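In case you want the letters, here they are:
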Amino acid sequence: MVTTIAQDRQETVATIEALEKRLLWLSAWTIHNANNIRKKRDGLKVGGHQASCASMTAIMAALYFHALRPQDKVAVKPHGGPLLHAIHYLLGNQTLDKLQRFRGLGGVQSYPSRTKDTIPVDFSTGSVGLGVAVTAFTSLVQDYLIAHGQVREEDAGRMIALMGDAELDEGNIYECLIEGYKHDLRNCWWIVDYNRQSLDATTADRMFRRFDDIFETCGWRVVTLKYGKLQRAAFARPGGKAIEDWIENCPNAEFAALTYQGGPAWRERLLADLGKNAAAKKLIGSFDDEQLAELMTNLGGHCVETLMDAFDACDDDRPTLFIAYTVKGHGLPLAGHKDNHSGMMNNPQMEQFRASMGIAEGQEWEPYGGLGDNVAARLDAFVHQSALALKAAEPVAPAVPVPARFPVPEGAEQSTQAAFGRVLLDLAKSGEELADRIVTTAPDVTQTTNLGAFVNQRGLFRRQELADVFHKAKIPSAQKWAAHAAGQHIELGIAENNFFIALTSLGLAAPHFGTRLLPVGTVYDPFVSRGLDALNYGCYQDARFLLVGTPAGLTLAAEGGAHQSINTPLIGMGQPNLAYYEPAYADEVALFMRWAFDHMQQPDGSSVYLRLSTRSIPQIARADDGWEADALKGGYWLRAPGPDATAAIAFTGVVAPEALAAWEQLADDIPGLGLLAVTSPDVLHRGWSARRAARWEGKASEPSHVETLLSALAPGAGLVTVLDGSPGALSWLGGVKGMRVSPLGTDRFGQTGDLPDLYRTYRLDTDAIVDAAAELFLED
Ligand SMILES: Cc1ncc(C[n+]2csc(CCOP(=O)(O)OP(=O)(O)O)c2C)c(N)n1
Ligand SMILES: [Mg+2]
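Computed from a predicted model, the values in this text were never measured in an experiment. (Residues numbered from 1 in each chain as written. Chains lettered and ligands numbered in written order. Predicted model: local features only at pLDDT ≥ 70, side-chain atom pairs only at ≥ 80, totals over all residues. Heavy atoms only, no water.)

Caption draft 1: How the structure looks around the packing of helix α12 (residues 263-274) against helix α13 (residues 278-285). α13 packs onto α12 with a crossing angle of 170° between their chain directions and a minimal axis gap of 9 Å. Considering their axes alone, α12 and α13 lie roughly antiparallel with respect to each other. Where α12 abuts α13, its residues R267, L270, L271 and L274 lie against A280, K281, I284 and G285. (Axes fitted to C-alpha atoms, helices over the stretch in contact; angles between N-to-C directions. Helix = DSSP H or I, 4+ residues; strand = E, 2+ residues; numbered from the N terminus. Parallel < 35°, antiparallel > 145°, perpendicular 65-115°, else oblique. Contact = heavy atoms within 4.5 Å.)

So, in structure tokens, the structure goes:
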């Protein structure tokens, strides 16, 4: 019986090893085809990373065809993308046509993409490091969903990152490790393709074992897979220990160089170093050149059986780092060469590879080319029985109903930030299902961004209950922050990368787990920039969240230039999959928040970014709701222009009082002067671009909203634009109808001061707007 199990195991190992070879071939051939066979029109390099793929074929084969369970999710190292497509090609999920168009329009994407690739991709990758950390945060999200009864504990999957070793240099990895430790991270595996080569260089030898220390300190189990089965067998033979010690002490760069040089070089070097040891010399002599090269590079990460054993041994939920030693370019002539990151096999090398695989010319795309029918059928059957084949398509999560209106916070003077907090508080108290699905988070700025009241109502999330010590001790405080499993606020340390990656994971709950969360994250607006790549990463894979940047702008007066955001309106405009709004009044805040919770759930929706302020401003009376539809489209006339008006003031956000005061001063002198509230420079501009694009594509289209708004002015009218941020966010309005513009805004760093001083100094006050309006008519 025991023998049978062992035999079965050996058969499985052999099958996976055979599949590994297919992955190596198909990934190399896909890249070769795109670069050397497909017709080129632009003289540009197509690229692809044959060596980066080759170094993790065994890891991926052992993971995907053995260890992976249907509920697990994987982020694949960006440059290993072709391997993922090869796996899905074998499964029948990927088409030949798309493989042939690798890196071409409509073909397989360079790096795995959730939104653009048609195979199942759990996480997009590309910006190294982020695809790793996202798995940890998604595991935390899974725990959140389990705690809230939205996912069953027995359905918990493992969140797995297949990563390059250079990703360990990214700071966001360590920020994430610390946050993970705080939140008792589990069900997370990171598997390092430890080929000790990055793009430019070989990894510093000094890091040897340091990663173990770092990860173990943060509560991870570290499993190092240094040697493969062949090596371990050789080490056990007489003289083997000397070879083991030699490898152990061999600098990374030398190991790589010898690998590239091959068998004779290995022999020469080993004999030079170990020749005096008779047993070692004899052992070395027992291998021919090819065998010796195979032995020396049979590292743990290339040994399917070693990998399978290691994965099998970790059958609990402890976070685990597997350091799988590999050779970059393993099995290819690129192996070990220092320039192999973008290195490509040439035609003769590819020919030789094809011949060695027994693949006939013209049969290169055959999934099992070069194999006998029986073997091919066996491999095909094996692949189709794997857990991956059983994985269901991503679920479609039912929508969470959004009330038709949110009550408008009351108060004659209000700030948009306070209104935001009030809307959330009202929701928390409302008993709406929507409120139960909101999950808030902030990088240590919960109170100062007005999330506190919501958290008082709904509590902090912790898997293990954590009492509020201050509350228990009856120490008076506005914050009642007991932490428990039903809590709805995920407290994060002050690391904005983590914040955006957490929003990404939360914002993918619907496709990942089939149940919706409506994440709301707050951050000081200037520190949006700190996590910008992570924000882009979340948007790139269409995660859905509400981002609130607050407080923003010079309005932060006394906080000074280091805390006053300037260019975030341009970020809001430039970032795809993120609709940016900047309300001025509390009723706009309520309107946009309601819209955001709906838009985040629409198939063609997106994430939403609100840029808010702590400055209280007088609210205005509304005659009716007529402004609302236009406000959602990006702008409305707060004071409609008269017939043939020759000018208008267009403002965004918190400078509304200055814009209104200027309008009042100028209204007599400039007949029909309009006052345009631009609630979203982003949505307005996108609408305008889309209109023009539609025209180029020959589609009929309605005028865009901004064209309609500005049509109310006389041809050749002038515009004064003003916002507490980069003036470029509004100055483009002049281009819509060919109008002259006097743009106001901030285009240099702020400084401390009170608001009147700063607004005067930076030309955001009423006088500046009046002067700018005069300029419109003075210039010729
Ligand atoms: C944030 C970011 N910076 C730079 C790059 C460019 N880049 C792509 S791969 C790479 C090195 C990757 O080395 P490693 O992680 O060791 O992968 P492998 O050796 O397996 O190719 C670099 C610098 C990137 N993709 N993302
Ligand atoms: Mg590497």
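Caption draft 2: Geometry of the state of the cysteines. Evaluation of the coordinates by the stated rule reveals 0 disulfides. Distance from the sulfur of C188, which forms no disulfide, to the nearest cysteine sulfur (C176) is 7.1 Å. Among the residues examined, C188 registers a relative accessible area of 0% and is labelled buried. Free of any disulfide, C314 has its nearest cysteine sulfur in C188, 13 Å distant. In this structure C314 comes out as buried when scored by relative accessible area, which is 3%. (Disulfide = S-S within 2.5 Å. Buried < 20%, exposed > 50% of the residue type's maximum accessible area, 1.4 Å probe, protein only.)

Caption draft 3: Structural view of the sheet that holds strand β3 (residues 188-194). In spatial order, the strands read β1-β2-β3-β5-β4; together these 5 strands make up an open sheet with parallel pairing. For this open sheet the edge positions go to β1 (73-76) and β4 (221-225), each flanked by a neighbour on one side alone. Along the sheet, successive strands turn relative to each other by an average axial angle of 15°, direction set aside. Sheet topology note: the strand β2 (residues 159-164)/β3 ladder contains 6 bridges and is parallel. Bridge pairing in β3 links I160 to W189. Lying over the sheet, helix α3 (residues 57-67) contacts β1, β2, β3 and β5 (320-325), oriented at roughly 150° with respect to β3. (Pairing = 2+ DSSP bridges.)

Caption draft 4: Main features of the coordination of the magnesium ion (ligand 2). Only D165 (OD), N195 (OD1) and Q197 (O) from the protein reach the magnesium ion (ligand 2) as donors, at distances of 1.9 to 2.1 Å. Of note, the magnesium ion (ligand 2) draws all its donor residues from one chain, in the sequence arrangement D-x29-N-x1-Q. One end of the pair, D165, is in the loop between β2 and α7 (171-182); the other, N195, is in the loop between β3 and α8 (210-217), and 30 residues separate them in sequence. In this structure, D165 and N195 share a single accessibility class: buried. (Donors = N, O, S within 2.8 Å, 3.2 Å for Na, K, Ca; no water.)

Caption draft 5: Structural detail: the site of ligand 1. As a matter of local geometry, ligand 1 sits amid 18 residues, with S52, K77, H79, D165 and K328 nearest to it. N195 places a polar side-chain atom, nitrogen or oxygen, 3.0 Å from an oxygen atom of ligand 1. Contact between ligand 1 and K328: an oxygen atom at 2.7 Å from a side-chain N or O atom of the residue. Residue classes in the shell around ligand 1 are distributed as 3 nonpolar, 9 polar and 6 charged. (Near = heavy atom within 4 Å. Polar contact = N/O pair within 3.5 Å; in protein donor to acceptor, adjacent residues only side chain to side chain. Nonpolar A, V, L, I, M, F, W, Y, C, P; charged D, E, K, R; others polar.)

Caption draft 6: Highlighting the pairing of β3. Across the 7 residues that make up β3, a large majority, 7, are buried. Burial along β3 is two-sided: the residues C188, W190, V192 and Y194 and W189, I191 and D193 are all buried. In this view, the connection linking β2 to its parallel neighbour β3 by way of α7 has right-handed handedness. Here 6 bridges tie β3 to β5, and the two strands are oriented parallel to one another. Across the sheet, the residue bridging to Y194 is Y325, located in β5. (Right-handed = clockwise from strand over helix to strand, strands pointing away.)

Caption draft 7: Highlighting the side chain of Q601. Mapped onto the elements, Q601 comes out in the loop between α27 (586-599) and β14 (607-611). A polar contact of 3.4 Å, which involves the side chain of Q601, links it to the side chain of R516. In this structure the side chain of Q601 is engaged in a polar contact, spanning 3.2 Å, whose partner is the backbone oxygen of F597. Each residue touching Q601, except ones within four places of it in the same chain, is listed here: A399, V400, V402, R516, L518 and R544.

Caption draft 8: Here's a closer look at unusual backbone geometry. Residue T550 is joined to P551 through a cis peptide bond whose omega torsion reads -5°. When you line up the elements, P551 lands in the loop between β12 (546-549) and α26 (568-574). Even without glycine at this site, N187 takes up a positive phi of about 50°. Given the relative accessible area of 7%, N187 is considered buried.

Caption draft 9: Structural context of the sheet that holds strand β16 (residues 635-639). The mixed open sheet is built from 5 strands, whose spatial order is β16-β18-β17-β19-β20. Unpaired on one side and paired on the other, β16 and β20 (740-744) mark the two borders of the sheet. Ignoring which end each strand starts from, the neighbouring axes of this sheet average 25° apart. Relative to strand β18 (residues 674-678), strand β17 (residues 645-652) is paired through 4 bridges, and the arrangement is parallel. Bridge assignment links I649 to a residue of β18, and that residue is L675.

Shape is all these values report; function is a separate question.
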